[in-house]
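# Close look at the chain arrangement
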Amino acid sequence: MQRRSRGINTGLILLLSQIFHVGISNIPPVTLAILILNIWFFLNPLKPLFESCLSVEKCYQQKDWQRLLLSPLHHADDWHLYFNMASMLWKGINLERRLGSRWFAYVIVTFSLLTGVVYLFLEFALAEFMNEPGFRRNCAVGFSGVLFALKVLNNHYCPGGFANILGFPVPNRFACWAELVAIHFISPGTSFAGHLAGILVGLMYTHGPLKKIMKKCAGIFSSNMHYYGHQYHFNSSGYSTYPEYYPYGQPGYSEDISRNYDAYTAGLSEEEQLERALRASLWDREADLCF
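Because the structure is predicted, anything quoted here is derived from the model rather than measured.

Another aspect to go through is the overall build of the protein. Each helix and strand counted, the protein has 14 helices and four strands in total. For the protein, with 291 residues in total, the buried portion stands at 54%. Here the analysis covers contacts within the protein between residues at least 6 apart in sequence; of these, 74% occur between residues at least 24 apart. For the protein, the accessible area works out to roughly 13700 Å², and carbon and sulfur atoms hold 61% of it.

Below, the discussion takes up the packing of helix 9 (residues 144-157) against helix 10 (residues 172-186). Orientation of helix 9 relative to helix 10, taken along the N-to-C sense of each, is 155°, at an axis distance of 8 Å. The angle between helix 9 and helix 10 places the two elements in the roughly antiparallel class. Where helix 9 crosses over helix 10, the two elements pack in a sense that is right-handed. Each of Phe148, Lys151, Val152 and Asn155 in helix 9 lies in contact with helix 10, whose residues at this interface are Asn172, Ala175, Cys176, Glu179, Leu180 and Ile183. Taken together, the residues that form the contact of helix 9 with helix 10 break down as six nonpolar, two polar and two charged.

Here the focus is the pattern of salt bridges. A complete count under the given rule lists three salt bridges for this structure. The salt bridge partner of Arg136 is Glu128, with a shortest N-O separation of 2.1 Å. A salt bridge links Lys151 to Glu179, with the nearest nitrogen and oxygen atoms 3.4 Å apart. Taken together, the residues span a long stretch of sequence, with Lys151 in helix 9 and Glu179 in helix 10 at a distance of 28 residues. In this pair, the class of Lys151 matches that of Glu179, namely buried.

Even without being glycine, Lys63 reaches a positive phi, approximately 60°. Among the structural elements, Lys63 can be located in the loop between helix 4 (56-61) and helix 5 (67-70). Exposure remark for Lys63: the relative accessible area of 53% places this residue in the exposed category. Even without being glycine, Leu166 reaches a positive phi, approximately 55°. Tracing the chain through its elements places Leu166 in the loop between strand 1 (162-165) and strand 2 (168-171).

Moving on to helix 6 (residues 78-99). Compared with an ideal rise of 1.5 Å per residue, which puts 22 residues at 32 Å, helix 6 spans 30 Å between its outermost C-alpha atoms and is within 8% of the ideal. Helix geometry: helix 6 is bent most strongly at Gly92, by close to 30°. Most of helix 6 is tucked away: 22 of the 22 residues are buried. Structurally, the start of helix 6 carries an N-cap: the backbone nitrogen of Trp79 is 3.1 Å from a side-chain oxygen of Asp77. One or two positions beyond helix 6, positive phi appears at Gly100, with a value near 95°.

Turning to the pairing of strand 2, a few remarks are in order. Pairing between strand 1 and strand 2: four bridges, direction antiparallel. Within strand 2, the position partnered with Ala163 by the bridge is Val170. Joining the antiparallel neighbours strand 1 and strand 2 is a turn of two residues, in which Leu166 adopts a positive phi near 55°.

A few words now on the side chain of Thr31. By secondary structure assignment, the location of Thr31 is in helix 2 (residues 29-43). From its side chain, Thr31 meets the backbone oxygen of Gly92 in a polar contact 3.3 Å long. A polar contact is formed between the side chain of Thr31 and the side chain of Glu96, at a distance of 2.7 Å. Leaving out residues up to four positions away in the same chain, Thr31 has contacts with Met88, Leu89, Gly92, Ile93, Glu96 and Phe104.

On the surface, a nonpolar cluster with roughly 270 Å² of combined accessible area is contributed by Leu16, Phe20 and Ile24. With respect to the helices, strands and loops of the structure, Phe20 is situated in helix 1 (residues 10-22). What makes Phe20 exposed here is its relative accessible area of 55%.

Procedures and definitions
- Residues numbered from 1 in each chain as written.
- Predicted model: local features only at pLDDT ≥ 70, side-chain atom pairs only at ≥ 80, totals over all residues.
- Heavy atoms only, no water.
- Helix = DSSP H or I, 4+ residues; strand = E, 2+ residues; numbered from the N terminus.
- Buried < 20%, exposed > 50% of the residue type's maximum accessible area, 1.4 Å probe, protein only.
- Contact = heavy atoms within 4.5 Å.
- Areas by Shrake-Rupley, 256 points an atom, 1.4 Å probe, with all protein chains shown as cover.
- Axes fitted to C-alpha atoms, helices over the stretch in contact; angles between N-to-C directions.
- Parallel < 35°, antiparallel > 145°, perpendicular 65-115°, else oblique.
- Left-handed = near helix turned anticlockwise from the far one by under 90°.
- Nonpolar A, V, L, I, M, F, W, Y, C, P; charged D, E, K, R; others polar.
- Salt bridge = Lys/Arg side-chain N within 4 Å of Asp/Glu carboxyl O.
- Expected span 1.5 Å × (residues − 1).
- Bend = angle between axes of the 7 residues up to and from the residue.
- Polar contact = N/O pair within 3.5 Å; in protein donor to acceptor, adjacent residues only side chain to side chain.
- Pairing = 2+ DSSP bridges.
- Patch = residues over 30% accessible without salt bridge, like charges linked within 9 Å, V, L, I, M, F, W, Y side chains within 5 Å.

In structure tokens form, the structure reads like this:
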């Protein structure tokens, strides 16, 4: 697995243009830090991809556990980085505003580590049950496993409505599963187990014991803490503030808060961005893009 050499990193340029279009001061701090960190490691990787990717053989058998920390922060090429971080920008603004910066940071760290652990378990289980040792050598990099977990959270908090998956309307509660299949139909080189691991971690948080365990471990943190900076909605002429945002069931919550993300999505929904990014990445795919 080697990063593709390009004369111009088009994906990186598009990502930077979206970030600056939104405005750095308008992006909550943890989301901004994640974007910067991933861009930095793309431009200045700590290790080559083969030394940072996640696999059963490297982590479990060779005890190279640092890969759990390295793999989410490395990407195979600029389009891999663009798709993941454009999605992170959208999800981060929504979820950090809802959960609060400290809890959101805790969620990101927990999801990053746990998604890697679940991925290793899935690959190990496949190798054992199918008697195929090749699964132990499957090596994955990228932030999209975490993004699938965040998408489960986002759909949990906004259960109504439909998502556009490759032109087909899909109820939000099934959107993660439809997107999981769609990605591997369009781009079969991606890591199915890595994306599935993210969905399972997200479900462990929303419908399982993970959230309660995190609260007990955190002690001083609470999942109802909010990002207390200014709250924004975006439009083509800039931004404006709106009242503090509350989760469902709390006083003052309103479902009519106006949001316009056209400033950094170019008018495309997240799923439409997915379709466009995946098609673009197929133009010059030489390496297996993993989660």
